[in-house]
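# Structural overview
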Amino acid sequence: MNEANEVVETGDIVVQGDQLTDGEHLAQLRDLGVRETAVVIPRALLARFAPKE
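Residues numbered from 1 in each chain as written. Predicted model: local features only at pLDDT ≥ 70, side-chain atom pairs only at ≥ 80, totals over all residues. Heavy atoms only, no water.

## Brief notes about the overall build of the protein
The condition is simple: By definition, any uninterrupted DSSP run of H or I lasting at least four residues is a helix, any uninterrupted run of E lasting at least two residues is a strand, and each is numbered from the N terminus. Any residue under 20% of the maximum accessible area for its type is buried, any over 50% is exposed, and the rest in between are partly exposed; the area is computed with a 1.4 Å probe on protein chains only. Every accessible area reported is derived by Shrake-Rupley at a probe size of 1.4 Å, with residue values counting cover from the shown protein chains alone.
Secondary structure summary: the protein contains 2 helices and 4 strands in total. Overall, the protein shows an N-to-C arrangement of helices and strands of β-β-β-α-β-α. For the protein, the residues scored as buried account for 9% of the 53 residues in total. Of the roughly 4,900 Å² of accessible surface on the protein, a fraction of 50% belongs to carbon and sulfur atoms.

## Focus on the confidence of the model for the protein
To be explicit about the condition: Per residue, pLDDT measures the predictor's confidence, with a range of 0 to 100.
The predicted model of the protein averages 83 in pLDDT, with 87% of residues at 70 or higher. Model confidence for the protein, summarised as mean pLDDT per element, is weakest for strand S1 (residues 3-7) at 72 and strongest for helix H1 (residues 23-28) at 93.

## Here's the deal with the environment of Pro42
Looking at the element boundaries, Pro42 is found in the loop between strand S4 (39-40) and helix H2 (43-49). Between the alpha carbons of Pro42 and Gly17 there is a distance of 8.9 Å; along the sequence they are 25 residues apart.

## A few points about unusual backbone geometry
Positive phi outside glycine occurs at Asp31, with the angle close to 60 degrees. Tracing the sequence through the fold places Asp31 in the loop between H1 and S4.

Structure follows, in structure tokens:
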């Protein structure tokens, strides 16, 4: 299940998705914090929150 919700007070987007566990893909991430988790989000879902021109 993938979902995204906007935090109205800050404009931030909170995402929920399948945890990324593929070591090769995880190795490509930069600056992933100790308390952070990478999740997989379909491009179509992100498009819903992309800036509108």
